[in-house]
Amino acid sequence: MADGCRDCETCTRSWLGRLLQNAAVGLMHVVTIGISYLIKKGFRRHCPQCKHLLSRHSRRDDGSFRD
C-alpha cells in the first residue's frame, strides 16, 4: 500500500479485491479489442500519485480530496 494513496478505493482495497478487479478489467480490455483501454488512458483523468482514475478517489462535499 506504500505505492498508493489513502483516498483511492483501488489502493485501499484488499489484495483479493484488487486481483478480481484486475481480472475483470483485463477481460473487458480483451473483449473490446483494446478500445476500452484507449478510452480509459486517453480521455479519463488519473491521480498523479497512484495513477488510478480520479473518479475512484474519495472527496469531501466541497469537491476537495479527503487528504
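That block above? That's the structure.
Basis of the calculations
Residues numbered from 1 in each chain as written. Predicted model: local features only at pLDDT ≥ 70, side-chain atom pairs only at ≥ 80, totals over all residues. Heavy atoms only, no water. Helix = DSSP H or I, 4+ residues; strand = E, 2+ residues; numbered from the N terminus. Salt bridge = Lys/Arg side-chain N within 4 Å of Asp/Glu carboxyl O. 1 Å grid on protein atoms, 1.4 Å probe; cavity = no way out; pocket = protein on both sides within 12 Å on 5 of 7 lines; lining within 4 Å. Points joined across faces, edges and corners; volume = space filled by probe spheres on them. Nonpolar A, V, L, I, M, F, W, Y, C, P; charged D, E, K, R; others polar.

Time to look at the environment of Cys5. Among the structural elements, Cys5 can be located in the segment before α1 (15-31). For the pair Cys5 and Lys51, spaced 46 residues apart in the sequence, the C-alpha separation amounts to 9.7 Å.

Below, the discussion takes up the pattern of salt bridges. Evaluation of the coordinates by the stated rule reveals one salt bridge. Taking the shortest distance from any N to any O, the salt bridge between Glu9 and Arg56 comes out at 3.3 Å. In this pair, Glu9 sits in the segment before α1 while Arg56 sits in the segment after α2 (35-43), placing the two residues 47 residues apart along the sequence.

Below, the discussion takes up the layout of surface pockets. Approximately 300 Å³ is the volume found for the largest pocket. Residue lining of the largest pocket: 15 residues in total, with Gln21, Val25, Lys40, His52 and Leu53 positioned closest to the centre. Residue assignment for the lining of the largest pocket shows that the elements contributing at least two residues are α1 and α2. By residue number, the principal contributor to the lining of the largest pocket is α1, which donates five residues. For the lining of the largest pocket, the residue count by class is four nonpolar, six polar and five charged.

As far as function goes, none of this settles anything; it's purely spatial.
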